[in-house]
Amino acid sequence: MPLREGAYRAPPEGRLRLGSVRPVSDARQRIRGGLCMEIRLTVNGKATVRRAGKAPGFAASYDVVVAGLGTAGAEALMHCIARKLKTFGIERQNGMGGLSTIGGICFGGGLNRRLRDCEQAASAADVAYGTVIAGVWTEGRRIVGVRTLANGIVRDVAAAVVIDATGNATVARMCGCGLRKGRAFDGVMAPCARAEVWLDDGKQTPRPIYRNFPDDLSRSAEDYSATATKLARSRHGFWLSQKAQGRMLRPSAVIGAREEVRVETEEIASMADAIAGKVFPNPLFFACEPEDLPVYYEDHVFESKEIRNWKVHCGLPMFYYPSSVPYGTIVAKGMENLLVPSKHFGVAHDLGGSLRMQPEMRKTGVAAALAAFLMLRLKCAAKDVPYAELKPLLEETGCLKPARDTRVNTIHGKKFGPLTDEEVVAALRTDVTRTAEWWQGPRGEATGSAAERAAYALWTAWERGVRGPEASKTALAEKLFAALGKTPRHDGNFALALALMDDARAVPVLRDLVAHPGGPADPVVAGAFPNRIKAIDMLGRFADVESVPVLVEIVADGARTFTAGLADAGSFGGGDTMCRFQALAYALTALQAIWAKHPDRQTALRTSRLQAKLPPFKSHLDGYDLGERLRRVGLVPRKGRK
Ligand SMILES: Cc1cc2nc3c(=O)[nH]c(=O)nc-3n(C[C@H](O)[C@H](O)[C@H](O)COP(=O)(O)OP(=O)(O)OC[C@H]3O[C@@H](n4cnc5c(N)ncnc54)[C@H](O)[C@@H]3O)c2cc1C
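None of the values given here were measured: they were computed from a predicted structure.

Q: Describe helix H11 (residues 387-396), with residues and values.
A: An α-helical turn contains 3.6 residues, so a residue and the one three or four places further along point in the same direction. Those residues of H11 lying buried are Tyr387, Leu390, Leu393 and Leu394. Angular distribution of buried residues about the axis of H11 spans 125 degrees; they occupy a single face of the element. The exposed residues of H11 that point more than 90 degrees off its buried face are Ala388 and Glu396. Taken together, the buried residues of H11 touch strand E14 (283-287) and helix H10 (358-378). Trailing H11 by a residue or two, Gly398 shows a phi angle of about 85 degrees, which is positive.

Q: An account of the nonpolar core is needed here, citing residue identities and associated values.
A: Within the largest apolar cluster, 127 residues are counted, with the highest numbers of intra-cluster contacts made by Ile163, Tyr327, Leu339, Leu480 and Leu510. In terms of nonpolar packing, the next biggest core, distinct from the first, is built from 27 residues, Tyr62, Phe88, Val162 and Val340 among them.

Q: Go over the packing of aromatic side chains with me, naming the residues and quoting the values.
A: The tally for this structure, following the rule as stated, stands at 4 aromatic pairs. Taken together, a centroid distance of 5.3 Å and an interplanar angle of 65 degrees make the contact between Trp310 and Trp459 edge-to-face. Placement of the pair is Trp310 in helix H8 (residues 305-313) and Trp459 in helix H14 (residues 450-467), with a sequence separation of 149 residues. For the pair Trp310 and Trp459, one class covers both residues: buried. Measuring from centroid to centroid gives 5.4 Å for Trp459 and Trp462, while their planes differ by 85 degrees, and the two rings are edge-to-face. Remark: Trp462 and Trp459 occur in helix H14; sequence separation between them is 3 residues, near one turn of the helix. No difference in accessibility class separates Trp459 from Trp462, as the two residues are buried. Following the ring pairs from residue to residue traces out a cluster consisting of Trp310, Trp459 and Trp462. Directly above the aromatic system of Phe373 lies the positively charged group of Arg83, at a separation of 5.4 Å from the ring centroid. For Arg505, the ring lying beneath its charged end belongs to Phe481, and the centroid distance is 4.4 Å.

Criteria and thresholds
Residues numbered from 1 in each chain as written. Predicted model: local features only at pLDDT ≥ 70, side-chain atom pairs only at ≥ 80, totals over all residues. Heavy atoms only, no water. Buried < 20%, exposed > 50% of the residue type's maximum accessible area, 1.4 Å probe, protein only. Helix = DSSP H or I, 4+ residues; strand = E, 2+ residues; numbered from the N terminus. Arc of directions from axis to C-beta. Contact = heavy atoms within 4.5 Å. Core = buried A, V, L, I, M, F, W, Y, C linked by side-chain atoms within 4.5 Å. Phe/Tyr/Trp six-rings, centres within 6.5 Å; stacked < 30°, edge-to-face > 60°. Lys NZ or Arg CZ within 6 Å of the ring centre and 35° of its normal.

Such coordinate-based values are descriptive only and should not be taken to indicate function.
Printed below as a string of structure tokens:
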């Protein structure tokens, strides 16, 4: 069974884990007087609980405590100071800037050019570096103070508002807030990345290369250290010019995590919202950044429907699309005075790949400071901040500027149309490939090629299906349906376009694609995701019971026959093993989807699981075993267990 949406598994126990505090809302844990702290320490694997029931003697009292002075936190601190709030900043490193100070992070309007301003402004506040948050003092749903720890010295300070900008939910976790982790299907995150620089003695242009190691944080840390050392030693012109432009200000060995846990917030922004063009009535900012998480992963079968539509079905490699982000994404659910800007804010995993860049994280920090200012002025809880009061402040600080790029729409406007229904049909009479690249966009050479146009036509059908209006949706669907059977090679395209519009008339063609792989409607195109695999995914969505026998057959055969010829054509770019993994994974998840709607077919799924023959699936990411993923989510049994 897939994990419950947002289910969170505790991280592996370290030798010493500090400051995990039980939710005080649990009446049994309450200590007389209402104010309590319960710190759970895990020392060498042995758990101990320490309780403190008396109100501490607070050493100082602040309007706002900002925990974590990274990209979002540094901005939050600056803006609190600018609003004349008595502010205390806490940072575990020896300087502010967080991830924006890592070597190699230089694109897209980073914080690093503003760091000097931040540090100057910070002189007007109390800032503690080399200091961690060790606990929170809570009273009901309010945080009344925080405990800090530096050089073994503990200090308690009172706070009216707390901004948790640690990026890893440190304070929210201590308050017992709900946490969400990774993708909905199996909770897997894309947490780590490494910046590796190919200096090659200066003969070759160096290039940072990022990879994700979902299961190995310490390796990522090692990589960062190595990178920092290389950069420090580098005399290469490229890096010197980056430094001169202020882009490589302080390469440091901070562990870089693209995605960690996220806090359960009042509102959540998702990729489905963005595709539907949802504009929240209370936007904090508008974003448009390239989504790149799934690009690093090959198990996109476990990603959301929207990611699969974009990447697999339409063949668009990066999600580069405008989205609106509501105020509730920085308000921690269940706490009155806790704001949670930074990359643990309320964004779903699928959109999180886009909404993680510095410009966006900086805006979450600015917005949190403005909300804190209003909370104090209006004496209200975070979730009750009136948007009418917040909006002018957001405008004043530039948060509500339009997204910096709306590439898909630009393509819409310039090269492709918008496509008329007739143009969509004409474009689908071409094989869809995976040639479209986000950076080529409106200026690139490939833009406007027939293959891109076909990918764009599929996207148009999907978007029309989601957004309507109803009459134009019906009109396009009718034209796609009428085109079926006229040019057999492109029937797969028309059926998939219909399926993207959620039109069940596609099902007979999809069944045929799966039953007769390599048939006329299933051309094998280099670099493309084949129609037969897309068809399996769609049949799962339609919960098509009739396709169960053929899916069971694919699994039982280890997808050998089904994938014949794909590897030679370069499908999925990973050879025979990769093609078989994709077919098996899609077939098993489709069976699971069918079973969810037709419980009577459970036996078929169970039999398939038992019969599944898995080759060892090592992906191009070292140590990321795709077969193991299938085992972990229970789609195939673990060795020895039947
Ligand atoms: C390898 C890599 C490359 C990237 N490249 C780019 C790029 O080119 N352009 C771009 O715009 N973005 C890039 N990003 C994304 C972007 O840099 C980050 O997502 C963004 O900076 C995160 O900001 P943040 O405030 O959420 O977290 P951070 O900047 O990490 O801030 C969190 C801060 O909290 C502190 N902290 C954590 N826990 C505690 C605690 N318990 N007590 C006290 N302090 C604590 C940390 O030390 C840190 O300073 C990249 C990210 C990575 C990992």
